[in-house]
Amino acid sequence: MFAKPYKLKSTNTLKNSEKKHLIQRLEKGFPSVNEEKLKEIVPNKSTCNLMKLVLHSGETAGVYAVDGVPMIIDTGETLVPTVCALWKVPDLIPTIVIHSPVLSKVQGGVPLYAPGVVTDPTTFPRFNKGSLLAVCTDDNAAAAIVGRAMMSSGNLLIASMGTCLEVLHVIGDNLCKELKFNKIERPKLQLGLNINSVIQDMAQLNLQVKEEWPSLVPEAPVVNEPRLIPDNVTDNKVIEETQNLEDTIATECSDTEEGIPSDMDGLLRWCLLSFLKIHGKDVELPLKTNLLYKNYLMSLCPPDRTIDVKKSSF
């Protein structure tokens, strides 16, 4: 919106009643955020101005500036928070992470493409197509871009190409350079810890507490207590089950190689069985779904066919 110069049409100072109305609009637009956090964006004792702008495209937009800092963009249909507002209330809208070098490209006018997004399924937020999104970098949690999603979170996780965000506002654009505003500098914030990864790391430590004194309570017998198998004893049953599984995979792969399925579900199964047959013993598990799809299934697809999860029942 502000990549190219705009014209200032008018500037009005809001009354207290108009500020209350603005907060009410924010409550309706962002129902997951309580009123106290919204008042951090528009405090009661603050000077709030409404700047009406004529964009380069000819459209009009309003910008609410609080104490000389742009906070809210009014497109007429929706209220869009600026990066300054997201620095105060980071959880106002979902936030995705991009690789640091991508930010300068977006600031130069290049669209945000799917490969530039860090797609970690454990921390990736859920959102629908058309939702407002904040974007930060992998070295700074402070929002740097605000835009509208051009694909849902599920599609973005498996997308290997394509534009994923309609950029509305980015740090360093003409709105941030407005002389009427205070100097805007992006703060340095650390990315939050992933609780799930912390729990997994603690579980991997496998800590055990040993008692210094023997327990006075007799231990009850444990039902189905596992037995320690010596190293020199081989479990023939486990070996037989492993061989049977490999034979089953090899048989199914050989059967399907004679006639590659024409439907998308069958083609995906064929590629998956081929992956298990070729890389099953070498690949490290667990394997992320997007890596399995991009690095293995797509490469195993026959050259005259194209796999697409969207066209399947999965």
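Everything numeric here is computed off the predicted structure, so don't read it as measured data.

*Asks:* Help me get a handle on the side chain of His-169, residues and values and all.
*Replies:* Following the sequence through the fold, His-169 ends up in strand 10 (residues 163-170). Classification of His-169 by relative accessible area gives buried; the value is 2%. Polar contacts involving the side chain of His-169 include one to the side chain of Asp-173, which spans 2.8 Å. In contact with His-169, other than residues within four places in its own chain, are Phe-2, Ile-73, Thr-82, Val-83, Ala-144, Ile-145, Val-146, Leu-175 and Cys-176.

*Asks:* Now, about unusual backbone geometry: what can you tell me, with residues and values included?
*Replies:* In this structure, Asp-67 takes a positive phi of about 55° despite not being glycine. Position of Asp-67 relative to the elements: it lies in the loop between strand 3 (60-66) and strand 4 (69-74). Here Asp-67 falls in the partly exposed class, since its relative accessible area comes to 42%.

*Asks:* Give a detailed account of the sheet that holds strand 1 (residues 7-13), specifying residues and quantitative values.
*Replies:* In a beta sheet, neighbouring strands are held together by backbone hydrogen bonds and run either parallel or antiparallel to one another. With respect to topology, 5 strands assemble into an open sheet ordered 1-2-3-4-5, the strand pairing being antiparallel. The sheet is open, and its two borders are formed by strand 1 and strand 5 (79-81), each paired with just one other strand. Between one strand axis and the next, the sheet turns by 30° as a mean value, whatever way the strands run. Pairing analysis gives 7 bridges linking strand 2 (residues 48-54) to strand 3, with the strands arranged antiparallel. Looking across to strand 3, one finds that Val-54 is bridged to Thr-60. Its contacts with the sheet place helix 1 (residues 16-29) against strand 1, strand 2, strand 3, strand 4 and strand 5, and it is angled at close to 85° to strand 5.

*Asks:* So what's going on with the state of the cysteines? Which residues, and what values?
*Replies:* Summed over the entire model, instances satisfying the criterion amount to 0 disulfides. With no disulfide of its own, Cys-84 lies 5.9 Å from the sulfur of Cys-176, the closest cysteine sulfur.

*Asks:* Describe the confidence of the model for the chain, listing the residues and the values that go with them.
*Replies:* On average, residues of the chain score 81 in pLDDT, and 78% of them reach the 70 mark or higher. Contacts of residues 193-202 to residues separated by more than four positions or lying in other chains number 3 contacts, the stretch itself having pLDDT below 50. Overall, residues 204-213 carries pLDDT values under 50, and its contacts beyond four positions in sequence, including any with other chains, amount to 0 contacts.

*Asks:* Give me the lowdown on the pattern of salt bridges, citing residues and values where you can.
*Replies:* Taken as a whole and judged by the stated rule, the model has 4 salt bridges. Glu-35 is the salt-bridge partner of Lys-39, the closest N and O atoms lying 3.4 Å from each other. Within this pair, Lys-39 and its partner Glu-35 are both found in helix 2 (residues 35-41), separated by 4 residues, close to a single helical turn. Accessibility expressed as a relative area gives 40% for Glu-35, which makes it partly exposed. The salt bridge involving Asp-91 is made with Lys-37; its shortest N-O contact spans 2.9 Å.

*Asks:* Tell me about the packing of aromatic side chains, and name the residues and values.
*Replies:* Enumeration according to the criterion identifies 2 aromatic pairs in this entry. Their ring planes at 80° and their centres at 5.9 Å tell us that Phe-2 and Tyr-6 sit as a pair that is edge-to-face. Here the two residues Phe-2 and Tyr-6 agree in accessibility, since each one is buried. Judged by centre distance (6.0 Å) and plane angle (50°), the ring pair of Phe-124 and Phe-127 falls under tilted. On the basis of relative accessible area, Phe-127 is assigned to the buried category, the value being 6%.

*Asks:* Got a sec to walk through the nonpolar core? Specific residues and values, please.
*Replies:* Within the largest apolar cluster, 66 residues are counted, with the highest numbers of intra-cluster contacts made by Ile-145 and Ile-171. Those residues in contact with Ile-145 that lie beyond four places of it in its chain are Val-83, Ile-98, Leu-103, Val-106, Leu-133, Ala-134, Val-135, Leu-165, Val-167, His-169 and Val-170. Core analysis: the next-biggest nonpolar cluster, separate from the first, contains 13 residues, Leu-268, Val-283, Leu-292 and Leu-297 among them.

The rules behind these values
Residues numbered from 1 in each chain as written. Predicted model: local features only at pLDDT ≥ 70, side-chain atom pairs only at ≥ 80, totals over all residues. Heavy atoms only, no water. Helix = DSSP H or I, 4+ residues; strand = E, 2+ residues; numbered from the N terminus. Buried < 20%, exposed > 50% of the residue type's maximum accessible area, 1.4 Å probe, protein only. Polar contact = N/O pair within 3.5 Å; in protein donor to acceptor, adjacent residues only side chain to side chain. Contact = heavy atoms within 4.5 Å. Pairing = 2+ DSSP bridges. Axes fitted to C-alpha atoms, helices over the stretch in contact; angles between N-to-C directions. Disulfide = S-S within 2.5 Å. pLDDT = per-residue confidence, 0-100. Salt bridge = Lys/Arg side-chain N within 4 Å of Asp/Glu carboxyl O. Phe/Tyr/Trp six-rings, centres within 6.5 Å; stacked < 30°, edge-to-face > 60°. Core = buried A, V, L, I, M, F, W, Y, C linked by side-chain atoms within 4.5 Å.

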